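Coordinate inspection notes
Now for the letters of each chain:
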Amino acid sequence: MDSLSRSQARRITLAAQGFLDRPHDPPTMRTLVRAVERTGVLQIDSVNVLQRAHYMPLFSRMGPYDVDLLHRATGQSPHRLVEYWAHVAAYMPVDLWPYMRHRMTAFYEQGHVWTGEKASEDLVRSLMSEIRDDGAKTARELDRGLPRAKKHWGWNWSESKRALEWLFISGQLAVSRRNSQFERVYDLPERVIPRAVLDQPEPTDAQARLELVRRAATSLGVATVGDLADYYRMRKAEAQPAIDQLAQEGELLPVSVDGVGHLLHRDARIPRKVSARALLSPFDPLVWERARTERLFDFSYRIEIYTPEHKRVHGYYVLPFLLGEAMVARVDLKADRAGSKLLVKGAFSEPDSPPETAAELARELRRMANWLGLADLVVEPRGDLAPELRRSVHE
């Protein structure tokens, strides 16, 4: 078994994730497609204290871009990206749809991912008929005239919303777009997914898992078995046969990283140097698997949104700051849209952060503020990095 240093593994991962791609000025749809080819998926999250999660990985890799590019890719025909439960709720390349059919079939048979519940046949017929006849609809639009009995799951969803979510996750409906209130707009798959994709033969379960593992390996560059399984949310036992097959075929190569067994994709780039500078969403594929982040980057990271305020260590919405190949700091950020300010609620350095950390972070924060259309950058006093960061911001 060949061995890699942790530094080499970090650089391989950063290259695989798109942090070495030459920037386009301005970023175009081609830039966006290239970025998503690297990440594989964009996790969706509704928290909007700074910017919603699915916009952020593109900014981290592409720089300031027109978010209408993502709206067009996900909400206009021909769809380049489509929403599905690929990692969790995520945008994925539309050509992945056939490889999710085995997952859709399982949800159809077993019920929704959260409860195991299915929808009643009468309600399903009513919802499907209205969408088929009248076009794409939100749950709110479809609630009119339908029962609104509620139960205590799914944010107290109505019966029709619960049914729509089961129809979506089982592949009977697709999401054509998100509206300005961030609501899913449901439609028939044939009106969302390109016909050439829909008409593809359905892969077997084994073929689907092979493709998902292959894409995970490409996006990660170097990974453990657990990393490869988690990327598209498979159990290890499900992913293992595909991993074994790709290893036997020479697409995955066994390597050791600091004594831990990993698999290296044969096409992975091993750069001599990485000169990245990026703020990372808590849901960025580079850091969403916290154990991997700690293993490769020596960066212990937890999101504290659901932690009571008095127990938070770093803050509510904390973003790691990547500089070069290392996580050198973290900042708790908030967009004050009414005041047109990007607020740095807290700024914290890592033990081995380089002297230029504050200056480089200030540059990236200014770039983010401009992208978000915020006029001012305000650094509050919390955190050991805050005083130097404030000075850098005002230089």
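As shown above, the structure is provided for reference.
Note that the coordinates shown come from a computational prediction; the quantities given were computed from them, not determined experimentally.

**Remarks on the side chain of Arg103**
Here Arg103 shows up in helix 5 (residues 101-110). One buried charged side chain, Arg103, makes no salt bridge at all; its nearest oppositely charged neighbour is Glu238, positioned 6.0 Å away. Within the structure, the side chain of Arg103 is placed 3.2 Å from the backbone oxygen of Trp85, a separation counted as a polar contact. Apart from residues no more than four positions distant in its own chain, Arg103 is found in contact with Tyr84, Trp85, Ala86, Leu212, Tyr232, Arg233 and Met234.

**A few points about the sheet that holds strand 3 (residues 81-85)**
Strand order in the open sheet formed by three strands is 2-4-3, and the pairing between neighbours is antiparallel. Taken across any chain shown, the strands that pair with only one partner, and hence form the sheet edges, are strand 2 (42-43) and strand 3. As paired strands, strand 3 and strand 4 (residues 89-93) are joined by five bridges and run antiparallel to one another. The residue bridging Tyr84 from the neighbouring strand is Ala90, located in strand 4.

**What about unusual backbone geometry?**
Residue Pro26 follows Asp25 across a cis peptide bond; omega there is 0°. Within the secondary structure, Pro26 sits in the loop between helix 1 (6-16) and helix 2 (29-39). Omega for the peptide link from Ser77 to Pro78 comes to 0°, which places this bond in the cis form. Along the chain, Pro78 turns up in the loop between helix 4 (68-75) and strand 3.

Procedures and definitions
- Along each chain, residue indices are assigned from 1 in the same order as the chain's sequence is written.
- The predicted origin of the model limits local features to residues at a pLDDT of at least 70 and limits the giving and counting of side-chain atom pairs to 80 or more, whereas totals for whole chains, interfaces and linings rest on all residues.
- Computation of side-chain values covers all heavy atoms of the structure but excludes hydrogens and water.
- The secondary structure listing takes helices from DSSP runs of H or I that are at least 4 residues long and strands from runs of E that are at least 2 residues long, numbered from the N terminus.
- Residue burial is assigned from relative accessible area. The probe radius is 1.4 Å, only protein chains are included, and a residue is buried under 20% of its type maximum, exposed over 50%, and partly exposed in between.
- Counted as positive: Lys and Arg. Counted as negative: Asp and Glu, with His and the chain ends omitted from the count.
- Any carboxyl oxygen of Asp or Glu within 4 Å of a side-chain nitrogen of Lys or Arg constitutes a salt bridge here.
- Under this definition, polar contacts are N or O atom pairs within 3.5 Å; protein pairs additionally need one hydrogen-donor-capable and one acceptor-capable atom, and for neighbouring residues in sequence, both atoms have to be side-chain atoms.
- When checking whether two residues touch, look at their non-hydrogen atoms; a contact exists if any pair is within 4.5 Å.
- Strands qualify as paired when DSSP identifies two bridges or more between them.

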